[in-house]
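Residues per chain, in single letters:
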Amino acid sequence: MPAGMKFELKTGVATREAFGKTLVELARENPDIVVCDADLSKSTMTHWFAAEFPDRFFSCGIAEADMVGIGAGLASSGKIAFVASFSCFVLNKGFEQLRVTAAYPNVNLKVVGTHSGISIGEDGPSQMSIEDTSLACSLPGFVVFSPADEVSMRALVRAAVQHVGPVFIRAGRPKVPIIYSPGQQFEMGKGITLIEGRDVTLMATGLMVSESIKAQEILENEGISARVIDIHTIKPLDASLISKAASETGAIVVSEEHLVDGGLGVRVAQVVAQTNPCVMEFVGLTDYAESGSPEDLLRKYGLVAPNIAQMARKAIARKKKNKS
Amino acid sequence: MTHSKSLDQLQAIAKRVRRQIVEMITTAKSGHPGGSLSAVEILVTLYFDVMRHDPKNPQWPDRDRFLLSKGHAAPVLYAVMAEAGYVPADQLNSLRKLGSIYQGHPDKRFIPALDASTGSLGQGLSLGLGMAAAARLDKSPTRVYVVLGDGEIQEGQIWEAAMFGAFHKIDNIVAIVDYNRIQLDGFVKDIMELEPLAAKWQSFGWHVIELDGHDIPALQKAFADAAKVKGKPVALIAHTVKGKGVSFMENNPKFHGQAPTAAELEVALKELA
């Protein structure tokens, strides 16, 4: 979309809900799809699959390590196995199993972590998954998807089924704005430029994509031309799109609902350092958060458009200083 | 593979496998002889008398699956697979060397005929149950055999898996506990006691068969009986001797994870002649 055109950003369904619905649609077409859940199917939205395909649904109880192993075993025997839980539980409690029974033998396992980030709100830090991207990206062979809205989630669940190999899909709890029109095409590993711009690039994933769009509006009103890019695939990363943004705008702000250490930002910085070094700023978390409403939390921890815009101004100032 | 081997023939294979184990670990200068030797009859009986498999068609979808969850006993698996014709016997002594298909722990990337890459303890039973569940969905005759170490079942994931197997009534799996009573740090009873072991598995909803894990006819009967159990998974508690067949290794915690010297190998091979 060229600068000047406005995104409506109407509220849509949560990405977890889009996942659950797409899973059922795909399962009707593909009898090889099976699902494991660890007593959270009403939250991960795999309960729709369980109701329609009870024989292909495996209740694992509250036992994430076993669930990952069961899923890996199903996948080793030709199934397209999904394992779903809160992101913090499946990634943290199942990590060693993801490493040894999924990544190392490159098994066709699809891991879905819902309730990622701090936007789960009131439940607090023990349930907030802010290390999952780092963990999932550290596993060789894993593809890592982080969709921003229901349209991208639907497309990326399909992409996960088509891809042979382990995939992690990061999903969120709250309803989120719709960014894409229904016909939008998504390609694994290819970021999407949502708004063109020259002065700075706002690169984001998940919930921070809509906030970056809002930040672009703030900046545009100040006469700053900001490019907005959705990185829906964190691994493999779209190195050519990133290096192009680095060379053309000379300043990048990466925003994510995740710890800055080990998240999308450092992965983008690696590409930037290897291609066209430029000024970078990072919007993300540096520590565990707390209980509160999602809106209050996102505001307090800076995961909102005004802070992204502020980081963009800072990046542009640094860029100018470097030039002078 | 059709099985028609006599007891004498199976025992002769077991003896050759034992010789290979001590030779390959001595050549590698590291490895786990004790827990490899304790599992010899279990694997020989499975590969040469029980499992439906075809070394000429290792990816046959309806084959039975074998998972060495106690992956550190890799030498016994390699030696048995070599006997069966899956992998070259003349390269067994490359164990643990750079470029060898005989990795320190079983690795599917190097031996595609393996059903699982293992080595991190506690994970094989979940994996095997997933495979068994897939076979049930596919209405396949596949049965799954998982060999667990006794120390290994101190891992909590084993008991998560045990609950899963009974709850989902997965009856095409047999877990075999190689109960040699020794783990790395010493005797199991001194590290983390497992008893009452049969009662534990029973209380988790498994059909339990206890037997002498070196008695091939007893193993044959147990696997045949296990195949008749419906609606429940089966646990075989195989009482074994760590280091079985080599006098100075038997019941000796030192040989959990230590290679014999050249002189010790000579003695071992004489005893296994």
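Residues numbered from 1 in each chain as written. Chains lettered and ligands numbered in written order. Predicted model: local features only at pLDDT ≥ 70, side-chain atom pairs only at ≥ 80, totals over all residues. Heavy atoms only, no water.

1. Regarding the overall build of chain B
Cut-off, in case you're wondering: Only DSSP runs of H or I with at least four residues qualify as helices, and only runs of E with at least two residues qualify as strands; both kinds are numbered from the N terminus onward. For the radius of gyration, the atom set is restricted to C-alpha positions; the globular benchmark scales as 2.2 Å times the number of residues to the power 0.38. Only heavy atoms enter the contact rule, under which two residues are in contact if any of them lie within 4.5 Å.
Each helix and strand in chain B was counted, giving 10 helices and 7 strands. Compactness check: chain B gives a C-alpha radius of gyration of 17 Å against a globular reference of 19 Å for 273 residues, within 12% of the reference. When its C-alpha atoms are laid out on the principal axes, chain B stretches across 50 × 45 × 35 Å. Excluding contacts between residues fewer than 6 apart, the proportion of contacts in chain B whose partners are at least 24 apart in sequence is 76%.

2. What to know about the sheet that holds strand β10 (residues 200-204) of chain A
Residues and elements named next belong to chain A. For the record, the criterion: Strand pairing is assigned whenever DSSP detects at least two bridges linking the two strands. Inter-axis angles, ranging from 0 to 180 degrees, are taken between N-to-C directions of lines fitted to C-alpha atoms, where helices are fitted over the stretch in contact.
If you walk across this open sheet you meet the 5 strands as β9-β11-β10-β13-β14, and the pairing is mixed. Among the strands making up the open sheet, the edge pair consists of β9 (192-195) and β14 (279-285). On average, each strand axis in the sheet is tilted by 25° relative to the strand beside it, whichever way the strands run. Sheet topology note: the strand β13 (residues 251-259)/β14 ladder contains 6 bridges and is parallel. Residue pairing for β14: Val 253 is matched across the bridge by Glu 281. Each of β9, β10, β11 (226-230) and β13 touches helix α9 (residues 208-221); the most contacted strand, β10, lies at about 160° to it. Of the strands in this sheet, β10, β13 and β14 touch helix α13 (residues 305-323), which is tilted by about 160° from β14.

3. Some thoughts on the pattern of salt bridges
Put simply, the rule is: Every case where a carboxyl oxygen of Asp or Glu lies within 4 Å of a side-chain nitrogen of Lys or Arg is listed as a salt bridge. Only protein chains enter the accessibility calculation, which uses a 1.4 Å probe. A residue is then buried if its area is under 20% of the maximum for its type, exposed if over 50%, and partly exposed in between.
Tallied over the entire structure, the rule returns 28 salt bridges over all chains. Taking the shortest distance from any N to any O, the salt bridge between B:Lys221 and B:Asp225 comes out at 2.7 Å. A residue pair is termed a helical-turn pair when its members lie 3 or 4 positions apart in one helix, as B:Lys221 and B:Asp225 do in helix α9 (residues 216-228) at 4 residues. You can call B:Lys221 exposed: its relative accessible area is 53%. When its relative accessible area of 26% is taken as the criterion, B:Asp225 is described as partly exposed. When salt bridges that share partners are traced, they join A:Glu25, A:Glu29, A:Arg154 and A:Arg158 into one network.

4. Focus on the pairing of strand β3 (residues 173-179) of chain B
All names here are of chain B. Condition: By convention, orient the strands away from the viewer: a clockwise path from the first strand over the helix to the second makes the crossover right-handed.
Burial runs high along β3: 7 of the 7 residues are buried. Judged by which residues are buried, β3 turns out to be covered on both faces: Ile 173, Ala 175, Val 177 and Tyr 179 on one side and Val 174, Ile 176 and Asp 178 on the other are all buried. For strand β2 (residues 144-149) and β3, the ladder comprises 6 bridges, and the chain directions are parallel. Note that in β3 the partner of Leu 148 across the bridge is Val 177. In the classification by handedness, the crossover that spans β2, the intervening helix α6 (residues 156-167) and the parallel β3 is right-handed. Direction of pairing for β3 relative to strand β7 (residues 234-239): parallel, over a ladder of 6 bridges. Following the sheet pairing, Val 177 is matched in β7 by Ile 237.

5. Side note on the side chain of A:Asn108
Residues and elements named next belong to chain A. Condition: Pairs of N or O atoms within 3.5 Å make up the polar contacts considered here, provided that, within protein, one atom can donate a hydrogen while the other can accept it, and that residues adjacent in sequence are counted only when both atoms are side-chain atoms.
As for its placement among the helices and strands, Asn 108 is situated in the loop between α6 (95-103) and β5 (109-114). Exposure remark for Asn 108: the relative accessible area of 14% places this residue in the buried category. A polar contact of 2.6 Å, which involves the side chain of Asn 108, links it to the side chain of Lys 110. A polar contact is formed between the side chain of Asn 108 and the backbone nitrogen of Gly 165, at a distance of 3.0 Å.

6. With respect to the interface of chain A and chain B
Interfaces are often sized by the accessible area lost when the parts come together. Where we set the bar: Summed over both partners, the accessible area (1.4 Å probe) lost when two parts come together is defined as the buried area.
With 24 residues of chain A in contact, the opposing surface of chain B contributes 23 residues. A combined buried area of about 2000 Å² lies between chain A and chain B, and 61% of that area is made up of carbon and sulfur atoms. On the surface where chain A and chain B come into contact, there are 1 salt bridge. Across the pair B:Asp138 and A:Lys79 runs a salt bridge, and its minimum N-O distance is 2.5 Å. Scanning the region where chain A abuts chain B turns up 9 residue pairs in polar contact (both at pLDDT 80 or more). Elements supplying a minimum of two residues to the side of chain A that touches chain B: β3 (57-59), α4 (64-76) and α6 of chain A. The element best represented in the side of chain A that touches chain B is α4(A), accounting for 9 residues.

7. Quick notes on the sheet that holds β2(B)
Residues and elements named next belong to chain B. Pairing is parallel in the open sheet, where 5 strands are placed in the order β1-β2-β3-β7-β6. The open sheet terminates on both sides in strands that have one partner only, identified here as β1 (65-68) and β6 (207-212). Sheet twist, expressed as the mean angle between neighbouring strand axes with direction ignored, is 20°. Packed on one face of the sheet, helix α3 (residues 40-50) meets β1, β2, β3 and β7 and runs near 170° to β2.

Everything listed is a geometric property; what it means functionally is a separate question.
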